[in-house]
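Here's the letter readout for the chains.
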Amino acid sequence: MINHRLPQFIIIGAVKGATTWIHNQLRDNPAVYLPAPEPHFFSQEYDRGIDHYRRFFDGAAAGQMLGEKSADYLAHPLAAARMAPVLPQARLVMQLRNPVERAYSDYKMLFRRGTVTQGPEAYLDGRANDQPRFLEDGLYARHLRRWLDHFSAAQIKVILFEDVKRSPEATVATVSAHIGAPCHYSSEVGASPRNDSSERFLPLPVRTALAPLKDAARPLRGNAMFEKVRGLFARQIQYPPLPEALRARMMDYYARDIEDLEKLIGRDLSHWRQSSRLAA
């Protein structure tokens, strides 16, 4: 039977903004249901139709609040216009991170996947390249204005990466209140977002060869013997560093958008500029 319920709230991004952390916190709340995979319906899968989207929520129990996370919605040029007529009353959550750090983190994710192979200078210095998302996804004010063309400001809650690091329980309470769910904080999920770049991974050729077996191996993750064997081969990836001069150019690139964002959300973001100067 086709599920006729649709989500009441959406975590719309940003990519590499630690949205997985708030997604996992909300999934641990028995009053809330979120599918584990990101549907990407209003960005990548829109042509598959609304019944395809509904199936993501078939596992929800009666009475559970429905939500989803697709972190690419925020920067997608059509996602807001597509979502508005389908979910006009949706409560939206944006989780934002220093755009310089976000861009470098996004670069590292595609570097470990083998999608990009050159150093960050080839992608993050503002010149045209085949991965414009690294820089453009961090133009948060530009993206937020597009969402405000279709949703009221009251429907959008903006939280910062620093909010999670400083006050994780309060952040969960803030998001829960915004979406209208009872607050539930999970200590098992943890107080800090996961740092993917510090994890140990199998060498890329091995990951590529094993990719067809990924779904079959997923239930084994956490098994002591499986993790022991994996640990024999996994290594922490050595990423090309972000040069100081490039970091400074990136901050110049984002400076005007950050000023605009401060006005839109009513928050002081000077710590983004200061942290980038200190890191440089």
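The structure this text deals with has already been given above.
Below is a short write-up of the structure. (Residues numbered from 1 in each chain as written. Predicted model: local features only at pLDDT ≥ 70, side-chain atom pairs only at ≥ 80, totals over all residues. Heavy atoms only, no water.)

1. Some remarks on the overall build of the protein chain
What the protein chain contains, in helices and strands, is 14 helices and seven strands. Going through the 280 residues of the protein chain one by one, you find that 47% of them count as buried. The long-range share in the protein chain, meaning contacts at least 24 apart out of those at least 6 apart in sequence, stands at 76%. Carbon and sulfur atoms make up 53% of the accessible area of the protein chain, which amounts to about 14,300 Å² in all. (Helix = DSSP H or I, 4+ residues; strand = E, 2+ residues; numbered from the N terminus. Buried < 20%, exposed > 50% of the residue type's maximum accessible area, 1.4 Å probe, protein only. Contact = heavy atoms within 4.5 Å. Areas by Shrake-Rupley, 256 points an atom, 1.4 Å probe, with all protein chains shown as cover.)

2. A look at unusual backbone geometry
Across the junction of Gly13 and Ala14, the peptide omega takes the value 20°, indicating a cis bond. When you line up the elements, Ala14 lands in the loop between β1 (9-13) and α1 (19-27). If you check the backbone angles, Lys16 has positive phi at about 65° while not being a glycine. Backbone geometry places Ala18, a non-glycine residue, at a positive phi of 70°. For Ala18, the position within the fold is in the loop between β1 and α1. By relative accessible area, Ala18 is classed as buried at 14%.

3. Description of the nonpolar core
Counting residues in each nonpolar core, the largest one holds 55 residues, and the members touching the most others are Tyr73, Met83, Leu96 and Trp147. The contact partners of Met83, leaving out residues within four places of it in the chain, are Ile10, Ile12, Phe42, Tyr73, Pro88, Leu92, Trp147 and Phe151. By size, the runner-up hydrophobic cluster in this structure holds 15 residues, among which are Phe9, Leu26, Leu34 and Val93. (Core = buried A, V, L, I, M, F, W, Y, C linked by side-chain atoms within 4.5 Å.)

4. Observations concerning the pairing of strand β4 (residues 91-96)
Of all six residues in β4, five are buried; the element is thus mostly enclosed. Judged from the four bridges that link them, β1 and β4 form a sheet pairing that is parallel. From the neighbouring strand, Ile11 faces β4, where its bridge partner is Val93. (Pairing = 2+ DSSP bridges.)

5. What about helix α3 (residues 79-86)?
Three or more residues of α3 are buried, namely Ala79, Ala80, Arg82, Met83 and Ala84. Check the buried side of α3 and you find it contacts β1, β4 and α7 (140-148).

6. Overview of the packing of aromatic side chains
On inspection of all chains with the given rule, the structure shows 16 aromatic pairs. Between the aromatic rings of Tyr53 and Phe57, the centroid separation amounts to 5.3 Å while the plane-to-plane angle is 90°, which identifies the pairing as edge-to-face. Ring centres 6.0 Å apart and planes at 40° place the aromatic pair Tyr107 and Tyr123 in the tilted group. Of this pair, Tyr107 sits in helix α4 (residues 99-113) while Tyr123 sits in helix α5 (residues 121-124), placing them 16 residues apart in sequence. Across this residue pair, the class does not change: Tyr107 and Tyr123 are buried. Within the aromatic cluster, the residues linked to one another by ring pairs are Phe41, Phe42, Tyr46, Tyr53, Phe57 and Tyr73. The lysine or arginine in question, Arg97, covers the ring of Phe161, its NZ or CZ lying 4.9 Å from the ring centre. Above the ring of Tyr239, the side-chain terminus of Lys108 is found at 5.4 Å from the ring centroid. (Phe/Tyr/Trp six-rings, centres within 6.5 Å; stacked < 30°, edge-to-face > 60°. Lys NZ or Arg CZ within 6 Å of the ring centre and 35° of its normal.)

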